[in-house]
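Observations on chain architecture
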Amino acid sequence: MSIAIQTSKLTKVYEGSFRAQDVHALKELDLTINQGEIYGYLGPNGSGKTTTIKMMLGLLFPTSGTIEILGSSHVGSASVKRNIGYLPEGAYYPDFLKGEEILEYYGKLYGLGGKDLRRRMAETLELVGMTHARKRLLRGYSKGMRQRIGLAQALISDPAILILDEPTTGLDPIARKEIRDILANLRDKGKTLLISSHELLEVELICDRVGILFEGVLQAQGTLDELLQQRDVTVDVDGVDDAAVSKLAEKGLQVEDRVQSRAKLRVASAITAYEALELCRAFDLKLIGVAPRRETLEELFVRIVGAAQSTRRQ
Amino acid sequence: MGAFIDFFRGPWYIAVYTYREGIRKKTLIGFLILSLLVIFGASFISSYLDPTSETDIDLKLIKDICVATISIFGVLITIFISASVVPGEIENKVIYTILSKPVRRIQYLLGKFIGAQLIIIVNLLLMGVLFFAALYMRQGILPTLLLWSMLLTYFEFLIISAFTFAVSCASTSAVVPTIIGLFIYITGNLTEFLKDVQNRAGQSGKWFDDAIGWIANALYQVLPNLQNFSLKTQIINGQPNDPPTDVLIPNLMAYGTLYAVFGFLLAWVIFWRKEM
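Residues numbered from 1 in each chain as written. Chains lettered and ligands numbered in written order. Predicted model: local features only at pLDDT ≥ 70, side-chain atom pairs only at ≥ 80, totals over all residues. Heavy atoms only, no water.

Re unusual backbone geometry
Note: most residues except glycine have negative phi, and most peptide bonds are trans. Residue and element names in this part refer to chain A. For clarity, the cut-off: The secondary structure listing takes helices from DSSP runs of H or I that are at least 4 residues long and strands from runs of E that are at least 2 residues long, numbered from the N terminus. Whether a residue is buried, partly exposed or exposed follows from its accessible area with a 1.4 Å probe, protein chains only, as a fraction of its type maximum: under 20%, in between, or over 50%, in that order.
The phi torsion at Leu-70 lies on the positive side, around 50°, for a residue other than glycine. Tracing the chain through its elements places Leu-70 in the loop between strand 4 (64–69) and helix 2 (78–81). Owing to a relative accessible area of 33%, Leu-70 belongs among the partly exposed residues under this scheme. In this structure, Glu-166 takes a positive phi of about 50° despite not being glycine. Position of Glu-166 among the secondary structure elements: in the loop between strand 6 (161–165) and helix 6 (173–188).

What follows is the structure, given as structure tokens:
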């Protein structure tokens, strides 16, 4: 698989002025993003995500290390930026312009014009579901519509790489789902997407690979299958009473989400799923379902960042 | 030629956008309305009150008020716009969406600077046209001298704009560049006094006396002399269709352009490696 973006030992130090200390925003970051994948770039506030993105766009300059985008190390040059669409978090778009005027402006900055520009505007507006509002002034747009126009300006030149900073923040569930579908559709068309986000559920639903950054250090990188641990097994049963709850716990079956006689039993690692099923039979519980329970991305994030925090404290 | 046009295409789009956004700024609209009201009030209202009792002194006073209004509000608009076009876009993050496109930093700066100049020119024209109409209606002579004055006033504003713009490129808010812009305007109009200070310094033989003279001389050599661009005395005292005297218009235009180019280059030096 070809590489879309690669950083090698990328380091960024913000020099402190006067008595302020230097801030090491990124420390020898080795990041690899393959072409045609959606990469979730995660980390707490101040971990260095935006710094990385800004360096990829030539808005900040590395202290040391290199960045290659589609094989070119001339980051920030017009030829590289021609292949990138960027949606910053919380960007402002002027209220006095219509949706299509915004796209026309950004399209012209990409060097588009005439029929090409009009075609791309129509395609992009269609893609983000904003064709109906193209003639409306932005002051009449909802937050979701503004976000869609923001996405459209990033897509106007049909770039190979899309860098999106918090693309679904502040949107309602329906708008989130729609944006997610658009992004998945773009991936299916061969685009590479780098999504920086705090919305872990969204990332888990859509991303092929993730990287978790903490204090400028990449703590983990890989596919969700590689990173998310198989935690345990839950057994869905009926017929649980108060007496059974304590007895099951003694045997290593934790009762969760009990509603009257129905409950989920979490199987601790000390016993196997087969032993758990034997116990259910012994307690005369009606078996409804058995499911392996995988770690969620949120749990992975908390585990990795928590481990990094405790290492730092030591 | 194609490459030349391609290079300026991006800046032109940015300039038009900057202009369209800039003319909607409430502060600028406020300055403009106020200046037009003062010019209108001074020029027209007095004549409606009692046109027969108007004396030469009244006319001079009206001209004085109008010239001062154009100068003061024009410079406020110039400084306000030049100080805010770049920091404003950093603040609302629009700059990220533009510089992430295939736009060079010099193209971005050119676009913002040209956009600011369009706003300054349009505002100056609006004020000038009103004053021009007022003078014409009063005296029945086309006040061509005012056109020359407007041209020179623009070049004065161009210098102030370029240096304010340069300072704004080092800043994240418009406050500091606004203060520096006002400083440039005030000191630029006081350079003759600097020469006077230099001449009077160094007579006591004390080191600080010499130092004051040296500093005054350095400032006199470096700072633009904005008084050169003023036709105020001739407008007030002369005939409205007189040709400008005591000034060489092409030389002053070249003088203004040189300072503006230097200011813009300074902006570029500050901005080309600026971290955002």
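Having seen it, we continue.
Observations regarding the layout of surface pockets
For clarity, the cut-off: Only protein atoms enter the calculation, which uses a 1 Å grid: trapped sets of points that fit a 1.4 Å probe without letting it out are cavities, open sets showing protein on both sides within 12 Å along at least five of seven lines are pockets, and any residue with an atom within 4 Å of a point is a lining residue. Grid points are joined across faces, edges and corners, and a volume is the space filled by probe spheres set on the points. Amino acids outside the nonpolar list (Ala, Val, Leu, Ile, Met, Phe, Trp, Tyr, Cys, Pro) and the charged list (Asp, Glu, Lys, Arg) are all regarded as polar, and Gly is one of them.
Each pocket or cavity is described by its volume, and for the largest pocket that value is around 450 Å³. Looking at the largest pocket, it is lined by 25 residues, and the ones nearest its centre are Gly-58, Phe-61, Val-75 and Gly-76 of chain A together with Arg-273 of chain B. For the lining of the largest pocket, the secondary structure elements donating two or more residues are strand 4 and helix 2 of chain A together with helix 5 (105–139) of chain B. A per-class count over the lining of the largest pocket returns 15 nonpolar, six polar and four charged.

Let's talk about helix 1 (residues 49–56) of chain A
Burial runs high along helix 1 of chain A: seven of the eight residues are buried. Here helix 1 of chain A has its buried residues at Lys-49, Thr-51, Thr-52, Ile-53, Lys-54, Met-55 and Met-56 of chain A.

Description of the sheet that holds strand 7 (residues 192–196) of chain A
Residue and element names in this part refer to chain A. Definition in use: Strand pairing is assigned whenever DSSP identifies at least 2 bridges connecting the two strands. All axes are obtained by fitting lines to C-alpha atoms, using only the stretch in contact for helices, and the reported angles, taken between N-to-C directions, cover 0 to 180 degrees. Contact definition: two residues touch when any of their heavy atoms are within 4.5 Å.
In spatial order, the strands read 5-6-7-3-8-9; together these six strands make up an open sheet with mixed pairing. Each end of this open sheet is capped by a strand with a single partner; those strands are strand 5 (84–87) and strand 9 (217–223). In this sheet, adjacent strand axes meet at a mean angle of 15° when their direction is disregarded. Strand direction decides the pairing type here: strand 5 and strand 6, joined by four bridges, are parallel. Pairing of Gly-85 across the sheet is with Leu-162, part of strand 6. Across the sheet, helix 5 (residues 143–155) is in contact with strand 5 and strand 6; its angle to strand 5 comes to roughly 160°. Against the sheet, helix 11 (residues 297–313) engages strand 3 (38–42), strand 8 (209–214) and strand 9, with an angle of about 30° to strand 8.

Concerning the interface of chain B and chain A
As a reminder, the rule being used: Buried area: the sum, over both parts, of the accessible surface (1.4 Å probe) that disappears when the two are put together. Here a salt bridge means any side-chain nitrogen of Lys or Arg lying within 4 Å of a carboxyl oxygen belonging to Asp or Glu. Within 3.5 Å is the distance limit for a polar contact, defined as a pair of N or O atoms, with the added protein rule that one can donate a hydrogen and the other accept it, and that residues adjacent in sequence qualify only through two side-chain atoms.
Contacts between the two partners involve 24 residues from chain B and, on the opposite side, 29 residues from chain A. Buried area between chain B and chain A, both sides added, is near 2600 Å², and the carbon and sulfur share of it is 63%. It is Lys-101, Pro-102 and Glu-275 of chain B in chain B that bury the most area against chain A; as a group they hold 25% of the surface buried on that side. There are two salt bridges connecting chain B and chain A. Notably, a salt bridge pairs Glu-275 of chain B with Lys-12 of chain A, separated by 2.7 Å at the nearest N-O pair. In this assembly, chain B and chain A are joined by 13 residue pairs in polar contact (both at pLDDT 80 or more). When contributions to the side of chain B that touches chain A are tallied by element, the ones reaching two or more residues are helix 1 (2–22) and helix 4 (94–99) of chain B. When residues in the side of chain B that touches chain A are grouped by element, the largest group, six residues, is from helix 1 of chain B.

Remarks on the packing of aromatic side chains
Here is the rule: The aromatic pairing rule takes the rings of Phe, Tyr and Trp, using the six-membered ring of Trp, and pairs them if the centres are within 6.5 Å, calling planes under 30 degrees apart stacked, those over 60 edge-to-face and the rest tilted. In this scheme, the term charge over a ring applies when either NZ of a lysine or CZ of an arginine sits within 6 Å of the ring centre and within 35 degrees of the ring normal.
Within this structure, the stated rule accounts for 17 aromatic pairs over all chains. For the pair Phe-163 of chain B and Phe-262 of chain B, a centre-to-centre distance of 6.1 Å together with 45° between the ring planes defines the contact as tilted. Of the two residues, Phe-163 of chain B is situated in helix 6 (residues 144–169) and Phe-262 of chain B in helix 11 (residues 249–271); the sequence distance between them amounts to 99 residues. According to the relative accessible area criterion, Phe-163 of chain B is buried, its value standing at 15%. Between the aromatic rings of Tyr-255 of chain B and Tyr-259 of chain B, the centroid separation amounts to 5.2 Å while the plane-to-plane angle is 65°, which identifies the pairing as edge-to-face. In this pair, Tyr-255 of chain B and Tyr-259 of chain B are both assigned in helix 11, four residues apart and thus about one turn of the helix distant. Through a chain of ring-to-ring contacts, the aromatic side chains of Phe-163, Phe-229, Tyr-255, Tyr-259 and Phe-262 of chain B assemble into a single cluster. The residue whose ring lies beneath Arg-105 of chain B is Phe-271 of chain B, and the NZ or CZ to ring-centre distance is 5.7 Å. Just above the ring of Phe-61 of chain A sits the side chain of Arg-273 of chain B; from NZ or CZ to the centre is 3.8 Å.

Notes on the environment of Arg-105 of chain B
Checked against the element boundaries, Arg-105 of chain B lands in helix 5. Of the residues examined, Arg-105 of chain B reaches a relative accessible area of 12% and is grouped as buried. When the C-alpha positions of Arg-105 of chain B and Arg-273 of chain B are compared, they lie 9.0 Å apart, and in sequence the two are 168 residues distant. Residues within four places of Arg-105 of chain B in sequence aside, it is in contact with Gly-58, Leu-59 and Phe-61 of chain A together with Leu-99, Phe-271, Trp-272, Arg-273, Lys-274 and Met-276 of chain B. Here Gly-58 of chain A takes part through its backbone oxygen, which lies 3.1 Å from a polar atom of the side chain of Arg-105 of chain B.

Notes on the pairing of strand 6 of chain A
Moving residue by residue along a regular strand, the side chains alternate between the two faces of the sheet. Residues and elements named next belong to chain A. Keep this limit in mind: Seen with its strands pointing away from the viewer, a crossover is right-handed if its path from the first strand over the helix to the second goes clockwise.
When you tally the buried positions in strand 6, you get five out of five residues, the bulk of the element. Burial of the side chains of strand 6 extends over both faces: Ile-161, Ile-163 and Asp-165 are buried on one face and Leu-162 and Leu-164 on the other. Inspection of the sheet shows strand 6 paired to strand 7 by five bridges, in the parallel sense. Looking across to strand 7, one finds that Leu-162 is bridged to Leu-193. A crossover connection joins strand 6 to the parallel strand 7 through helix 6; in handedness this β-α-β unit is right-handed.

As for empty space enclosed by the protein
As enumerated under the stated definition, the model contains two cavities of 30 Å³ or more in all. Quantified by volume, the largest cavity comes out at close to 70 Å³. Around the largest cavity sit Pro-167, Thr-168, Arg-180, Leu-183, Ile-195, Ser-197, Glu-202, Val-203 and Ile-206 of chain A, which together line it. For the lining of the largest cavity, the secondary-structure elements that each account for two or more residues are helix 6 and helix 7 (200–206) of chain A. In terms of residue count, the dominant contributor to the lining of the largest cavity is helix 7 of chain A (three residues). Partitioning the lining of the largest cavity into residue classes produces five nonpolar, two polar and two charged. Here the second largest cavity defines a volume of roughly 40 Å³. Lining the second largest cavity are Lys-63, Leu-135, Pro-143, Leu-145, Leu-146, Ile-235 and Pro-240 of chain B. Here the residues of the lining of the second largest cavity sort into six nonpolar, no polar and one charged.

Keep in mind these numbers describe shape, not what the thing actually does.
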